[in-house]
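Structural characterization, general
The chain contents come next:
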Number of protein chains: 8
Amino acid sequence: MPKEPEITVAVVMGSKSDWDVMQFTSQSLSSFEVRHECRVFSAHRTPKELTEWLDNLEGRGTQVIIAAAGGAAHLAGVVASQTLIPVLGVPMQSSALNGLDSLLSTVQMPAGVPVGTLAIGKPGAINAALLAIGFLARADTTLRDKLAGYRKDQAQRIVHEQLP
Amino acid sequence: MPKEPEITVAVVMGSKSDWDVMQFTSQSLSSFEVRHECRVFSAHRTPKELTEWLDNLEGRGTQVIIAAAGGAAHLAGVVASQTLIPVLGVPMQSSALNGLDSLLSTVQMPAGVPVGTLAIGKPGAINAALLAIGFLARADTTLRDKLAGYRKDQAQRIVHEQLP
Amino acid sequence: MPKEPEITVAVVMGSKSDWDVMQFTSQSLSSFEVRHECRVFSAHRTPKELTEWLDNLEGRGTQVIIAAAGGAAHLAGVVASQTLIPVLGVPMQSSALNGLDSLLSTVQMPAGVPVGTLAIGKPGAINAALLAIGFLARADTTLRDKLAGYRKDQAQRIVHEQLP
Amino acid sequence: MPKEPEITVAVVMGSKSDWDVMQFTSQSLSSFEVRHECRVFSAHRTPKELTEWLDNLEGRGTQVIIAAAGGAAHLAGVVASQTLIPVLGVPMQSSALNGLDSLLSTVQMPAGVPVGTLAIGKPGAINAALLAIGFLARADTTLRDKLAGYRKDQAQRIVHEQLP
Amino acid sequence: MPKEPEITVAVVMGSKSDWDVMQFTSQSLSSFEVRHECRVFSAHRTPKELTEWLDNLEGRGTQVIIAAAGGAAHLAGVVASQTLIPVLGVPMQSSALNGLDSLLSTVQMPAGVPVGTLAIGKPGAINAALLAIGFLARADTTLRDKLAGYRKDQAQRIVHEQLP
Amino acid sequence: MPKEPEITVAVVMGSKSDWDVMQFTSQSLSSFEVRHECRVFSAHRTPKELTEWLDNLEGRGTQVIIAAAGGAAHLAGVVASQTLIPVLGVPMQSSALNGLDSLLSTVQMPAGVPVGTLAIGKPGAINAALLAIGFLARADTTLRDKLAGYRKDQAQRIVHEQLP
Amino acid sequence: MPKEPEITVAVVMGSKSDWDVMQFTSQSLSSFEVRHECRVFSAHRTPKELTEWLDNLEGRGTQVIIAAAGGAAHLAGVVASQTLIPVLGVPMQSSALNGLDSLLSTVQMPAGVPVGTLAIGKPGAINAALLAIGFLARADTTLRDKLAGYRKDQAQRIVHEQLP
Amino acid sequence: MPKEPEITVAVVMGSKSDWDVMQFTSQSLSSFEVRHECRVFSAHRTPKELTEWLDNLEGRGTQVIIAAAGGAAHLAGVVASQTLIPVLGVPMQSSALNGLDSLLSTVQMPAGVPVGTLAIGKPGAINAALLAIGFLARADTTLRDKLAGYRKDQAQRIVHEQLP
C-alpha cells in the first residue's frame with residue numbers, strides 16, 4: 001500500500017476494468033486540481049482491505065467518496081454503510097443488462113444509508129467528480145470560480161458548434 | 001412570498017402532491033436542526049418563479065438543493081443547470097410506470113450537469129436529507145456527532161427487533 | 001449567430017452528435033421546401049442561449065418546434081415550458097439504455113405542458129418533420145398535395161419491392 | 001350515426017372504458033371552446049366504421065385527430081395511415097403492463113406515418129388537447145391568448161399552493 | 001402483381017428488410033413442401049394493397065397467415081382484424097428496443113382479435129412456419145409424419161452433438 | 001380421472017388459481033359449442049400426470065391445446081415438447097412482475113418447438129379460444145359462419161356504444 | 001442476543017417487515033424439522049452485528065445461509081463475501097419497482113462470490129428452504145424421503161383439485 | 001453414450017452454443033478437481049433423453065446439477081421437476097432481450113420446485129461451479145481449504161492490481 005497522503009476525494013472501483021470509464025472521474029478532478037486517489041477494491045472479494053482503506057479516509061481529510069461498480073453493484077452501498085463521509089455512486093454499464101442492474105443496485109438504497117447516484121457510465125463518471133467539486137466549492141471560492149468557468153466554457157463550446 | 005431567511009438546505013418539489021413523500025425530507029432535516037425551506041415549483045409550469053427563487057439561494061447561504069419530481073422529472077436537472085449549488089434528486093413514484101420514468105429522467109443527466117440521485121419515493125426522500133447532512137457534517141463536528149448517533153440508533157433499533 | 005430569417009420549423013438538438021440522426025429531419029423538411037433552421041442548444045448547459053433563441057421564434061414566424069435529446073432528455077420539455085409554439089420531441093438512442101431513458105424523459109410530461117413525441121432515433125427524426133408538415137399542410141394545399149404524393153410514392157416503393 | 005357537424009378536433013378511442021380518461025381531453029377542448037366529437041372505434045373490431053368516419057373528417061373541417069388506445073395500441077397508427085390530418089396518440093394505462101405496451105405500440109411508428117404521442121393516461125389525455133390547441137392557436141390569436149392565460153393560471157395555482 | 005395461385009400459407013412482412021429473418025419461415029415451409037407466398041405490405045403505408053391481397057386469400061385456399069413486423073408492429077393485428085383466417089405474428093428485432101416494442105405490439109391484442117405470437121426474430125420465424133404446419137398436419141397424415149420426423153431429427157442432432 | 005370423451009380443444013392450466021382467468025377460455029369455447037376439457041397440471045409438480053394426459057389427446061381427437069401458466073411459465077413449452085398437436089399459450093398476470101415473466105417464458109421458445117402466445121391475462125384467455133376456433137373453422141363452415149357472426153356482433157356493440 | 005445453539009440453516013433478512021414473507025421459509029424448514037434461526041440484520045445499517053453473527057455460524061454447524069432483502073438488496077451478496085457457507089438469496093417485492101431491483105441486486109453477482117437466487121417474494125421464500133433441504137438431503141436419507149413425500153403430496157393436491 | 005462413471009456435479013446445457021460460456025463452469029470445477037460431466041440436452045427437443053440421463057444421476061453419486069439455457073429457458077426448471085438433487089440455473093445471454101427472458105424464465109419458479117439461479121452469462125457460469133463447490137465443501141475439509149485459498153487468491157489479485 002502506498003504511503004497515505006491527504007486526499008480530498010477518494011475514488012474506488014470494483015474492478016480494474018472499470019478504469020476505462022473511471023479515468024474520466026480522475027481527469028475531471030485533476031483538471032480542477034482536487035487531490036484524489038483511485039483504488040480498486042471489491043465489496044465482495046476484498047471486504048477487509050476495503051474497510052481498512054475506508055477507516056483511514058477520515059484521517060486523510062477526505063470529504064467525498066466516489067464508488068463505481070457494475071452488475072449487482074454493492075460497492076457504493078457497502079462503502080456508505082461503513083463511513084460518515086458522503087458517498088457518490090457511478091453505475092458501470094454491464095454487459096448483460098446494459099447497466100440497468102448496476103443502476104438499480106446503486107440507487108435503490110434503503111432509508112438511512114444514502115448513495116447519491118450519477119448516470120450510467122462515462123457521463124456519470126464525469127458528473128461524480130463535478131458534484132464532489134460542487135460540494136467542495138461551497139467552502140472554497142477559488143474552486144467555485146473554476147466551476148463557474150467550466151460551466152461557461154461548456155456553454156461556449158456548444159454555442160460555437162457548427163452543424164454541417 | 002415569505003421574507004427570505006437564511007436556509008442551509010433548499011427543498012423544491014414539482015407538485016403539491018409530492019409533499020406526502022417529501023415531508024420526510026423536511027422531518028429528517030428538522031430532526032438534525034438543519035434550517036431549510038420547502039417550496040413547490042414546476043420546471044415546466046413556473047420556470048420563471050423557479051429561476052427567481054434559485055437566484056436568491058446563494059445569497060441565503062444555501063449549501064445543498066434537494067429537488068423532487070415525477071414522470072418526465074426534469075426539475076432536478078433544470079435546477080442543476082441554473083446554479084452551482086450541488087443538487088440532489090428524488091424521483092417520485094409515478095402512477096403509470098412506478099417511478100422508472102422519474103428515476104431515469106432524474107439520474108441520466110449528461111456530462112457537465114450532475115444530479116446526485118436517491119431512491120424512488122420515501123427512502124429517497126429521507127436519504128436526500130441524510131446525504132445533504134453528510135456533506136454539511138464535513139465542516140460541522142456537532143452535526144457529525146449527531147449523524148454518528150443517528151446511525152447507531154438505527155443499528156440498535158434493528159438489533160433489538162424481535163421476530164414473532 | 002446568423003441573421004434571423006423567417007423559419008417555419010425550428011429544429012433544436014441537445015448535442016452536435018445528434019446531427020447524425022437529426023439531419024434526416026432537416027432533409028425531410030427540405031424535400032418539402034419547408035424553411036427551417038437547425039441549432040444545437042442544451043437545456044442544461046446553455047439554458048440562457050436557448051431561451052434567447054426561443055424568444056425570437058414567434059417573431060420569425062415559427063409554427064412548430066422540433067426538439068431532440070438523449071438520456072435524461074429534458075430539452076423538449078424545457079422548450080415546451082417556454083413557448084406557446086407546439087413542440088415535437090425526438091428521443092435519441094442513448095448508449096446505455098437504448099433510448100428508453102430518452103423516450104420516457106420526453107413523453108411522460110405532466111398535464112399542462114405537452115410534447116408530441118415521435119419514435120426513438122431515425123424513424124422519429126423523419127416523422128417529426130412529417131408531422132410538422134402535416135400541421136402546416138392544413139392551411140397550405142400545395143403542401144397537402146406534396147404530402148399526399150409522398151405517401152403514394154412510399155406505398156409504390158413498397159408495392160414494387162421484390163423479395164429475392 | 002349523428003348528423004355530421006363541423007368539428008375542429010376529432011377524438012377517437014378504442015374502447016368505451018377509455019372514456020374515464022379521455023373525458024379530460026374533451027373537457028380541455030371544451031374549456032377552450034374548440035368544436036370536437038368523441039367516438040369509440042376499434043382499429044381491429046370496427047375497421048370499416050373507423051375508415052368511413054375518417055374519410056368524412058376532411059370534409060368536416062377537422063384539423064387534428066386524437067386517438068387513444070391501450071395494450072397493443074394500434075388505433076393511432078392505423079388512423080394515421082388513413083388520413084393526412086395530423087394524429088396525436090394517447091396511450092391508455094393497461095392492466096397488465098401499466099401502459100408500457102400501449103406507449104411502445106403508439107410511439108414507435110415507422111418512418112413515414114407519424115403519431116405525436118403524449119404521456120400515458122390522464123396527463124396525456126389533457127396534453128393531447130393542449131397540443132392540438134397549440135397548433136390551432138398558430139392561426140387564431142383569440143385561442144393563443146386563451147392558451148397564454150391558461151399557462152399563467154396554471155403557474156399562479158402552483159405559486160399560491162401552500163405546503164402544510 | 002403475379003397471377004394468384006393456390007397458397008396454403010400466406011406470409012406477409014412490413015418491410016423488405018425483414019426478409020433476412022423471414023426467409024427462414026419460407027425455407028421451413030418449403031422443406032415441408034407447403035405452398036406459400038411471401039409478400040411485403042405495410043399496415044401503415046400500403047393499407048389498401050394489403051386489404052386487397054387479404055381479400056383474395058380465402059379464395060386462394062389459404063389456411064394460415066404469418067405476419068412479421070418491427071417497432072410499433074401493427075401488421076399482424078391489422079391483418080387479423082380483416083380476415084377470419086388464423087394469424088400468427090413474428091416480432092422483428094428492432095434497432096432501438098431490441099424487439100420488446102415489436103413483441104408487445106404484436107402479442108397484447110385486445111379480446112376478440114387474436115394473434116398467435118412467436119418469439120422475437122429468427123426462432124420465431126422458424127416456429128411460425130412449424131406452428132402453421134402443426135395445424136395443417138391435423139388434417140394431413142403425410143405432413144404429420146414429416147413433422148414427427150423433423151422432431152426426431154432435431155433430437156438426434158442434439159444427442160449426437162459432441163462438446164469439445 | 002374422468003372417462004375420456006372426445007375433446008376438440010384441450011385446456012390446461014398450471015394452478016387452480018388460474019381458473020379465474022381461464023374460465024373465459026372455457027366460456028368462449030362453449031359459446032361456439034366446441035367440445036373441450038379444462039384441467040390443472042403443473043409442468044413442474046405433476047410432470048408425469050401431465051404426460052399421461054397429453055399422450056391420450058391424439059386418441060381423443062384433440063386439434064388444439066391451450067396452456068396457461070404464470071411466473072417462470074414453462075407449461076406451454078413443456079406441453080409443446082411432448083406432442084405434435086399445436087399449442088397456444090396464455091401468460092398469467094403474475095403478482096411480482098405483472099406477467100412480464102410469464103409472457104417471456106411462454107413466447108421466447110427456441111426454434112423447433114413453437115407456442116403461439118396470446119396476450120397476458122383475460123384478453124389472452126378469450127383470444128386463445130378464438131384462435132383455436134379460427135383454426136377449426138378452416139374445415140367447418142358452420143363454425144366459420146359463427147365466427148363471422150361473432151365478429152359482426154362485436155363490431156355492432158362498439159358502434160352502438162354511447163359515450164356519456 | 002440468545003445463547004447460540006446449533007443451527008443447520010441460518011436465515012437473515014434486511015428488515016423486520018420482510019418477516020411477512022420470510023415466515024414461509026421458517027415454516028417450510030420447521031415442517032421438515034430442520035433446526036434454524038431467523039434474524040434481522042442490515043447489510044448497511046448493522047454491518048458489524050451481521051459480521052459477528054456470521055463469524056459464529058461455522059462453529060454452530062450451519063450448512064446453508066438464506067438471505068432476504070429488497071430494493072438495492074445487498075444483503076445476500078455481502079453475506080456471501082464474508083463466509084464460505086453457501087448462500088441462497090430471496091429478493092423481496094419492493095414497493096416501487098415490484099422487486100425487479102431486488103432481483104437484479106441479488107442475482108447479478110460478479111464471478112467469485114455466488115448467491116443462488118430464488119423467485120421474488122413468497123414462492124422464493126418457500127423455495128429457498130426447499131433448496132437448502134435438497135442440499136442437506138444429499139447426506140440424510142430421512143430428509144430425502146421426506147422431500148420425496150412432500151413432492152408427492154404436492155402432486156396429489158394438484159391432481160385432486162377440481163375446477164368448478 | 002459414454003459409460004457412466006461417478007460424477008459429483010452434472011452440468012447440462014440446452015444448446016451446444018452455450019458451451020462458449022459453460023466451459024467456464026467446467027474449468028472452475030476442474031480446477032477444484034471436482035468430478036463432473038457436461039452434456040447437451042434440450043428440455044423441449046430431447047425431453048426423453050434428458051429424463052433418462054437424469055434418472056441415472058442418483059446412482060452415479062451426483063450431488064448438484066447445473067443447468068444452463070437461454071430465451072424461454074425451461075431447462076433448469078424441467079430438470080428440477082424430475083429429481084430431488086438440488087439444481088442451480090445459469091441464464092444464457094439471449095440475442096434479442098439480453099438475457100432478461102432467460103433470467104426470468106429460470107428464477108421465477110413456483111413454490112415447490114426451486115432453482116438456485118446465478119447471474120446471466122459468464123459470471124453465472126463460474127459462480128454455479130463455486131456454489132456447487134461451496135455445498136460439497138461442507139462435508140469435505142480439503143475442498144473447504146481450497147475454496148478458502150481461491151478466495152484469498154482472488155482478493156490478492158485485486159489488491160495487487162495497479163491502475164495506470
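Attention here is on the structure that accompanies the text. (Residues numbered from 1 in each chain as written. Chains lettered and ligands numbered in written order. Predicted model: local features only at pLDDT ≥ 70, side-chain atom pairs only at ≥ 80, totals over all residues. Heavy atoms only, no water.)

1. Examining the interface of chain F and chain G
Counting residues at the interface gives 15 residues for chain F, matched by 12 residues for chain G. Summing both partners gives a buried area of about 1200 Å² for chain F against chain G, and 67% of it is carried by carbon and sulfur. A per-residue breakdown of the area chain F buries against chain G is headed by Lys16, Arg45 and Ala96 of chain F, which together make up 39% of the total. Summed over the shared surface of chain F and chain G, the result is zero salt bridges. Applying the counting criterion to the chain F and chain G interface returns zero residue pairs in polar contact (both at pLDDT 80 or more). (Contact = heavy atoms within 4.5 Å. Buried area = accessible area lost by both parts, 1.4 Å probe. Salt bridge = Lys/Arg side-chain N within 4 Å of Asp/Glu carboxyl O. Polar contact = N/O pair within 3.5 Å; in protein donor to acceptor, adjacent residues only side chain to side chain.)

2. Remarks on the relation of the copies chain F and chain G
Laying chain F over chain G is done by rotating through 90° and shifting 0.0 Å along the axis; what remains is an RMSD of 0.0 Å. Here the copies are linked by what is in effect a four-fold axis. Interface overlap between copies: only 7% of the residues of chain F at the interface are likewise at the interface in chain G, consistent with a contact formed by different surfaces. (Least-squares fit on C-alpha atoms with pLDDT ≥ 70 in both.)

3. Thoughts on the environment of Ser81 of chain C
Residue position: Ser81 of chain C is located in the loop between helix H3 (75-80) and strand S4 (87-91). Residues Ser81 of chain C and Gly112 of chain C, 31 residues apart in the sequence, show an inter-C-alpha distance of 9.0 Å. Those residues in contact with Ser81 of chain C that sit more than four places away from it in its chain are Ala43, His44 and Pro47 of chain B, Val113 of chain C together with Arg151 of chain D. For Ser81 of chain C, the side chain forms a polar contact with the main-chain oxygen of Val78 of chain C, separated by 2.7 Å. (Helix = DSSP H or I, 4+ residues; strand = E, 2+ residues; numbered from the N terminus.)

4. Describing the interface of chain B and chain A
Tallying the contact residues gives 42 residues for chain B and 42 residues for chain A. For the chain B and chain A pair, buried surface summed over both sides reaches about 3400 Å², with 61% attributable to carbon and sulfur atoms. When the buried area of chain B at its contact with chain A is split by residue, Leu84, Arg138 and Arg151 of chain B rank highest and sum to 21% of it. If you look at where chain B meets chain A, you find four salt bridges. Here Glu58 of chain A makes a salt bridge to Arg138 of chain B, at a shortest N to O gap of 3.1 Å. Summed over the shared surface of chain B and chain A, the result is 21 residue pairs in polar contact (both at pLDDT 80 or more). Breaking the side of chain B that touches chain A down by element, the ones donating at least two residues are helix H3 (75-81), strand S4 (87-91), helix H4 (100-107), strand S5 (116-117), helix H5 (122-137) and helix H6 (141-160) of chain B. Among the elements that make up the side of chain B that touches chain A, the one with the highest residue count is H5 of chain B (seven residues).

5. Side note on helix H5 (residues 122-137) of chain A
Taking 1.5 Å per residue as the helical rise, H5 of chain A with its 16 residues ought to reach 22 Å, and the 23 Å between its terminal C-alpha atoms agrees with that figure. Of all 16 residues in H5 of chain A, 14 are buried, a share of seventy percent or more. (Expected span 1.5 Å × (residues − 1). Buried < 20%, exposed > 50% of the residue type's maximum accessible area, 1.4 Å probe, protein only.)

6. Some details on the packing of aromatic side chains
A full pass over the atoms with the stated rule returns 20 aromatic pairs over all chains. Ring geometry for Phe41 of chain D against Trp53 of chain D: centres 5.4 Å apart, planes inclined by 45°, an arrangement best described as tilted. Note that Phe41 of chain D is positioned in the loop between strand S2 (36-40) and helix H2 (47-57) and Trp53 of chain D in helix H2, a separation of 12 residues in sequence. An identical accessibility class is assigned to Phe41 of chain D and Trp53 of chain D; each is buried. Aromatic side chains Phe135 of chain G and Phe135 of chain H sit 3.1 Å apart centroid to centroid with 10° between the ring planes, which places their arrangement in the stacked category. Taken together, the residues span two chains, with Phe135 of chain G in helix H5 (residues 122-137) and Phe135 of chain H in helix H5 (residues 122-137). Over the face of the ring belonging to Phe24 of chain A we find Lys122 of chain A, whose NZ or CZ atom lies 4.3 Å from the ring centre. (Phe/Tyr/Trp six-rings, centres within 6.5 Å; stacked < 30°, edge-to-face > 60°. Lys NZ or Arg CZ within 6 Å of the ring centre and 35° of its normal.)

7. Here's the deal with the pairing of strand S3 (residues 64-69) of chain D
All names here are of chain D. With six of six residues buried, S3 lies mostly within the body of the structure. The side-chain alternation of S3 yields two buried faces, one formed by Val64, Ile66 and Ala68 and the other by Ile65, Ala67 and Ala69. Here strand S1 (residues 9-13) pairs with S3 via five bridges, running parallel. When the bridges of S3 are listed, Met13 appears paired with Ala68. In this sheet, strand S4 (residues 87-91) lies alongside S3 in parallel orientation, the contact comprising five bridges. When the bridges of S4 are listed, Ile65 appears paired with Val87. Traced from S3 through helix H3 (residues 75-80) to S4, the parallel crossover comes out right-handed. (Pairing = 2+ DSSP bridges. Right-handed = clockwise from strand over helix to strand, strands pointing away.)

8. Topic: the relation of the copies chain B and chain A
Between the two copies, chain B and chain A, the superposition gives an RMSD of 0.0 Å; the rotation angle is 180° and the shift along the axis is 0.0 Å. The superposition of one copy onto the other is thereby described by a two-fold rotation axis. When the interface residues of chain B are mapped onto chain A, 100% of them again lie at the interface, so the same face is used by both copies.

9. Focus on the packing of helix H1 (residues 19-31) of chain D against helix H5 (residues 122-137) of chain D
All names here are of chain D. At a closest axis distance of 7 Å, the pairing of H1 and H5 adopts a crossing angle of 30°. As judged from the angle between their axes, H1 and H5 are roughly parallel. Crossing of H1 over H5 shows right-handed handedness. Across the interface between the two elements, Val21, Met22, Phe24, Thr25, Ser28 and Leu29 from H1 touch Lys122, Ala125, Ile126, Ala129 and Ile133 from H5. Grouping the constituent residues of the contact of H1 with H5 by class yields eight nonpolar, two polar and one charged. (Axes fitted to C-alpha atoms, helices over the stretch in contact; angles between N-to-C directions. Parallel < 35°, antiparallel > 145°, perpendicular 65-115°, else oblique. Left-handed = near helix turned anticlockwise from the far one by under 90°. Nonpolar A, V, L, I, M, F, W, Y, C, P; charged D, E, K, R; others polar.)

10. Observations concerning the pattern of salt bridges
Inspection of every chain in the model, using the stated rule, returns 48 salt bridges over all chains. Of the charged contacts, one joins Glu37 of chain B and Arg39 of chain B as a salt bridge, the two residues approaching to 3.5 Å between their closest N and O atoms. Residue Glu37 of chain B is classed as buried on the basis of its relative accessible area of 10%. In this structure, the salt-bridge partner of Glu4 of chain H is Arg60 of chain H, at a minimum N-O distance of 3.9 Å. Here Glu4 of chain H is found in the segment before strand S1 (9-13), whereas its partner Arg60 of chain H is found in the loop between helix H2 (47-57) and strand S3 (64-69), with 56 residues between them in sequence. What makes Glu4 of chain H partly exposed here is its relative accessible area of 34%. In this structure, a network of salt bridges that share partners links the residues Glu4, Glu37, Arg39 and Arg60 of chain A.

11. A short note on the environment of Asn56 of chain C
All names here are of chain C. Relative to the helices and strands, Asn56 resides in helix H2 (residues 47-57). Overall, Asn56 belongs to the partly exposed group, its relative accessible area being 34%. In this structure, the C-alpha to C-alpha distance between Asn56 and Asn127, residues 71 residues apart in sequence, is 25 Å. A distance of 3.3 Å separates the side chain of Asn56 from the side chain of Glu4, its partner in a polar contact.

12. Observations regarding the arrangement of the chains
These two, chain B and chain E, are apart from each other, with no contact and a minimum C-alpha gap of 16 Å. Where chain C comes nearest to chain H, the C-alpha atoms are still 12 Å apart, and the two do not contact one another.

13. Some words on the environment of Ile85 of chain D
Secondary-structure assignment places Ile85 of chain D in the loop between H3 and S4. Judged by relative accessible area, Ile85 of chain D falls into the buried class, the value being 2%. Through-space distance from the C-alpha of Ile85 of chain D to that of Cys38 of chain D is 16 Å; in sequence the pair is 47 residues apart. Not counting residues within four places of it along the chain, the set of residues in contact with Ile85 of chain D comprises Arg138 of chain C together with Leu57, Glu58, Thr62, Gln63, Val64 and Ile65 of chain D.

Interpretation in functional terms is not warranted from these geometric data alone.
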